[in-house]
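Examination of the molecular architecture
Spelled out, the chains give:
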Amino acid sequence: ELGDALAMRCGNTLTGVFVPGSKIALSAYRHVKHNSRDAPTETADQDPVLIYMAQESTLFDEPVLRSILAEANATFGTLQQLGLKAEQAEYVNISRAYRSIVRACLEKLEHEKKSPEVQTDEPRLQRFTEAMIVFYAAECLWHLFEILYIQQKQMVVPQLLEWARFHFPQTEERATDLVLMGEEASESDDYWTTLKAIIRLGGVDITRAILSQNRKASQPVFKAAEAILKGMPVYMDGYSLQKFNSQWEYWHVDAERKIQSSIFASEPELEQILLLVTGNNEQWDAACKEAQDWYEYLPGYLLYTKPTCKPYELRIAAANWLNRWSLLRPDKHLTSMSRMIIQLMERDVKLFIYEAQKMSDTHWFSTHLIDLIYHCGMLKGYFDQNNIDLPALRHSIVYEYGSYLMTSHNLWQLGIDYLDCCKQEGRAAIELLLPRISMRSERQATKLINLAKQRGLVTVEQEICKVLSRRSFDGERYGNALEWAIRSKDVLLVTSVADFILKHYSRTGNLHCPDTIASVGGRMFMSPRLVFLSKYFEFYEFYRNRDFLAASELLVNLLDSKITPDYFWPSLLIDTMPLLESKDPKIFYKETVAILHHIETELVPIIERDVDKYGNHHTETVFKDYRVENIDEILNLMRLACARNLARAMIIENTILTD
């Protein structure tokens, strides 16, 4: 809702056009049908037509969040180098690297959020809060995905316990406080509440440690509880599954028997803990009612009821637990993150990736995760079975993410690395987007040119050089303008810059950027005008260094070259006058005749055409040389100088020297 008066008058309708930089230009719009009258409305010209530039706001507008992009980009590059045939452990390390990046980002966000600058800025505080929610969900989901699909352990319960404790840390932190308090901990109001919560999370060892410090720890009932907890079998990798199941079943039956014999009746709170350990439904129903989310206590429940749960068995266990939680908590609705967790546990990876793309992190999570899935190859069979082209899916997501980064003024360097992985489409996107990047300095422009050169994007390199040439020209840095024009290989642009330099010299006598012209070298053949400028500069240098014979020869060659621009003929011919008037002839008879010929056949016709076009004041239009006030007078002087030099040259050239 823009509140635009004109739009509201036209039925509150808008029209939009996409513009570069991921923006939409919005303006008022009145729908016109085939039978609408082609006439102004009653309110025409009452309100101005306003154009609104709409752009999607992203989390990465905050500088503190850009570090996650740069670090993830480095990890992404490492994964591309590993390829498709690395060891499984290397892919696990890549996954952990991504998670550590997110954790570090969350710590930075937490620290920045507490700063006075953020606390007093409500919109910014809201962005920080949203970013923390998004990246907490990303880390939680990535961690679970790593456990179920990348590590591929035979038993998943130990890893799920670690996952749950990490993402619900408050209980463990409070339990640690109770351990540090020693015997006094048993006097705390939340003593038994904390013990039950930590046992639900599978923290058997820390529960034992707290109970051992209880002032009643020496009593038989506490010793019996310690024996049950201590005797609980824990599965270790390589252990015989059949043997473990036998031991666990024996321990479970024995623990239930002891509880049913009312040994712990004198300590009802302790008895509840042991009932949780033996999987008592009533106690676990109470746990469901106190859980923050449906999956909080699922790993703990599996530890006490099915400790050897395998990944494919988790689907049924998770579905049953979710149904149980839903019946006990009908007022609670699943969040997006909660739905994605059940999708992972039910091995619905297709739907999980679809939901991941909806996260408001501009596809950061889905891009890096699908790239890892593609490289590690663990789910190739799943995608083949579901008729999903994994390479094409990965290509599409990476392409979209790279294109988004390329449209950002601060993130475009990262985007190129992602588009490089997208073959022809990525190359085409780079070719389109690279010239659109705002160049704030020549250093940045040089970086853009190098990136284009590395990828063989000649047209991009030339386009950037054109922009820099025009920008330098507008900033009156004519040496830079000429250099960038030459690098752009645009003949028209080079010619226009060279024309400006020549015209400025003919009018003021000051030659712009002599150092740049001197360094042109063989590149001058790009444009006839640049050839003329370079050769005239050589004449200029010879003359300045008083090498008159070389200057004369080069000047005559320029007159004969047929590349002299019309506006420069007066200046070029005037340059011959000091050489023609020299007492020691520097220009010979034949060359003098050629100069006279050029005056009559080149300069005079141009003057006549100019007079016809502009009138008698032609010297104020085309022929503007700092040494010329009256072109007719200078024409007569040049003819006279030629005649004098002819006489001298004829005498000297026809004089026979004798001993």
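Rules behind the numbers
- Residues numbered from 1 in each chain as written.
- Predicted model: local features only at pLDDT ≥ 70, side-chain atom pairs only at ≥ 80, totals over all residues.
- Heavy atoms only, no water.
- Helix = DSSP H or I, 4+ residues; strand = E, 2+ residues; numbered from the N terminus.
- Rg over C-alpha atoms; globule rule 2.2 N^0.38 Å.
- Buried < 20%, exposed > 50% of the residue type's maximum accessible area, 1.4 Å probe, protein only.
- Contact = heavy atoms within 4.5 Å.
- Areas by Shrake-Rupley, 256 points an atom, 1.4 Å probe, with all protein chains shown as cover.
- Lys, Arg positive; Asp, Glu negative; His and termini not counted.
- Charge placed at Lys NZ, Arg CZ, Asp CG, Glu CD.
- Phe/Tyr/Trp six-rings, centres within 6.5 Å; stacked < 30°, edge-to-face > 60°.
- 1 Å grid on protein atoms, 1.4 Å probe; cavity = no way out; pocket = protein on both sides within 12 Å on 5 of 7 lines; lining within 4 Å.
- Points joined across faces, edges and corners; volume = space filled by probe spheres on them.
- Nonpolar A, V, L, I, M, F, W, Y, C, P; charged D, E, K, R; others polar.
- Expected span 1.5 Å × (residues − 1).
- Core = buried A, V, L, I, M, F, W, Y, C linked by side-chain atoms within 4.5 Å.
- pLDDT = per-residue confidence, 0-100.
- Axes fitted to C-alpha atoms, helices over the stretch in contact; angles between N-to-C directions.
- Parallel < 35°, antiparallel > 145°, perpendicular 65-115°, else oblique.
- Left-handed = near helix turned anticlockwise from the far one by under 90°.
- Salt bridge = Lys/Arg side-chain N within 4 Å of Asp/Glu carboxyl O.
- Arc of directions from axis to C-beta.

Thoughts on the overall build of the chain
- Check the secondary structure of the chain and you find 33 helices and three strands.
- Compactness check: the chain gives a C-alpha radius of gyration of 42 Å against a globular reference of 26 Å for 659 residues, more than 25% above the reference.
- If you line up the chain on its principal axes, its C-alpha atoms span 145 × 85 × 50 Å.
- Buried positions account for 46% of the 659 residues belonging to the chain.
- A separation of at least 24 residues holds for 65% of the contacts in the chain among residues at least 6 apart in sequence.
- Here the chain has roughly 34200 Å² of accessible surface; of this, 51% comes from carbon and sulfur atoms.
- Computing the positive centroid from 73 side-chain charges and the negative centroid from 89, the chain places the two 3 Å apart.

A closer look at the side chain of threonine 171
- Inspection of the secondary structure puts threonine 171 in helix H7 (residues 169–181).
- Looking at threonine 171, the relative accessible area reads 14%, which means it is buried.
- When sequence neighbours within four positions are dropped, the list of residues in contact with threonine 171 reads Thr194, Ala197, Ile198 and Leu201.

A short note on the packing of aromatic side chains
- Here the structure, examined in full by the defined rule, presents 34 aromatic pairs.
- For the ring pair tryptophan 248 and tryptophan 251, a centre distance of 6.3 Å and an interplane angle of 45 degrees mean the geometry is tilted. Highlighted residues: tryptophan 248 and tryptophan 251, both in helix H11 (residues 241–260), separated by three residues, approximately one helical turn.
- Exposure remark for tryptophan 248: the relative accessible area of 8% places this residue in the buried category.
- With a relative accessible area of 7%, tryptophan 251 lands in the buried category.

Structural notes on the layout of surface pockets
- There is about 430 Å³ of room inside the second largest pocket.
- Surrounding the second largest pocket, 22 residues form its lining, Leu161, Gly202, Val204, Val234 and Leu303 being those nearest its centre.
- Of all the elements in the fold, those that place two or more residues in the lining of the second largest pocket are helix H6 (157–167), helix H9 (204–212), helix H10 (220–230) and H11.
- Residue contributions to the lining of the second largest pocket peak at four residues, all from H6.
- The residue inventory of the lining of the second largest pocket, partitioned by class, reads 15 nonpolar, two polar and five charged.

Brief notes about helix H28 (residues 528–544)
- Taking 1.5 Å per residue, 17 residues should reach 24 Å; H28 reaches 24 Å between its end C-alpha atoms and fits that length.
- For H28, the set of buried residues is Arg529, Leu530, Val531, Phe532, Leu533, Ser534, Tyr536, Phe537 and Phe539.
- Along its buried surface, H28 packs onto helix H25 (478–488), helix H26 (491–508), helix H27 (514–518), helix H29 (548–560), helix H30 (569–574) and helix H31 (576–580).
- Two residues or fewer past H28, arginine 546 is found with a positive phi of approximately 65 degrees.

Here's the deal with the nonpolar core
- Residues Phe145, Trp163, Trp294, Ile341, Met345, Trp364 and Phe365 are the most contacted members of the largest nonpolar core, which totals 127 residues.
- In terms of residue count, the dominant contributor to this core is helix H5 (residues 122–150) (17 residues).
- Beyond its immediate sequence surroundings of up to four residues, tryptophan 163 is in contact with Cys140, His143, Leu144, Ile147, Tyr295, Pro299, Ile341 and Met345.

A few points about the confidence of the model for the chain
- For the chain, per-residue confidence averages 86 on the pLDDT scale, and residues scoring 70 or more make up 90% of the total.
- In this model residues 618–622 is a low-confidence stretch, pLDDT under 50, and it forms 13 contacts with partners more than four residues away in sequence or in other chains.

Let's talk about unusual backbone geometry
- Phi at asparagine 387 takes a positive value of approximately 55 degrees, unusual for a residue other than glycine.
- In this model, cysteine 513 sits at a positive phi of 40 degrees, which is unusual for a non-glycine residue.
- The residue cysteine 513 is located in the loop between H26 and H27 in this model.

Side note on the packing of helix H13 (residues 281–290) against helix H15 (residues 311–328)
- With their axes 9 Å apart at the nearest point, H13 and H15 run at an angle of 70 degrees to one another. One finds that H13 runs roughly perpendicular with respect to H15. H15 is crossed by H13, and the crossing has right-handed handedness. Contact residues: Asn281, Trp284, Asp285, Cys288 and Lys289 in H13; Trp321, Arg324, Trp325 and Leu328 in H15.
- Residues that form the contact of H13 with H15 fall into these classes: five nonpolar, one polar and three charged.

Notes on the pattern of salt bridges
- Here the structure, examined in full by the defined rule, presents 30 salt bridges.
- Here aspartate 190 makes a salt bridge to arginine 174, at a shortest N to O gap of 2.7 Å. Taken as a pair, aspartate 190 in the loop between H7 and helix H8 (191–200) and arginine 174 in helix H7 lie far apart in primary sequence, 16 residues in all.
- Here aspartate 190 falls in the partly exposed class, since its relative accessible area comes to 25%.
- With relative accessibility at 25%, the residue arginine 174 sits in the partly exposed group.

Details of the environment of phenylalanine 532
- Note on placement: phenylalanine 532 falls in helix H28.
- The spatial distance from the C-alpha of phenylalanine 532 to the C-alpha of histidine 512 is 15 Å, given a sequence separation of 20 residues.
- Setting aside residues no more than four positions away along its own chain, phenylalanine 532 makes contact with Leu502, Leu558, Ile563, Thr564, Pro565, Phe568 and Leu572.

Points about helix H17 (residues 349–356)
- If you check which residues of H17 are buried, you get Val349, Phe352, Ile353, Glu355 and Ala356. End-on view of H17: buried residues confined to an arc of 160 degrees, all on one side of the axis.
- Tucked inside the fold, the buried residues of H17 contact H5, helix H16 (336–345), helix H18 (364–376), helix H19 (380–385) and helix H20 (390–406).

Description of the environment of glutamine 126
- Mapping glutamine 126 onto the fold places it in helix H5.
- On the accessibility criterion, glutamine 126 (47% relative accessible area) is partly exposed.
- Separated by 421 residues in sequence, glutamine 126 and aspartate 547 place their C-alpha atoms 76 Å apart.

Section: the environment of leucine 241
- The residue leucine 241 is located in helix H11 in this model.
- Among the residues examined, leucine 241 registers a relative accessible area of 25% and is labelled partly exposed.
- For the pair formed by leucine 241 and threonine 308, sequence separation is 67 residues and the distance between their alpha carbons is 8.0 Å.
- Non-local contacts of leucine 241, meaning those with residues more than four positions away in its chain, are made with Met155, Tyr235, Thr308 and Lys310.

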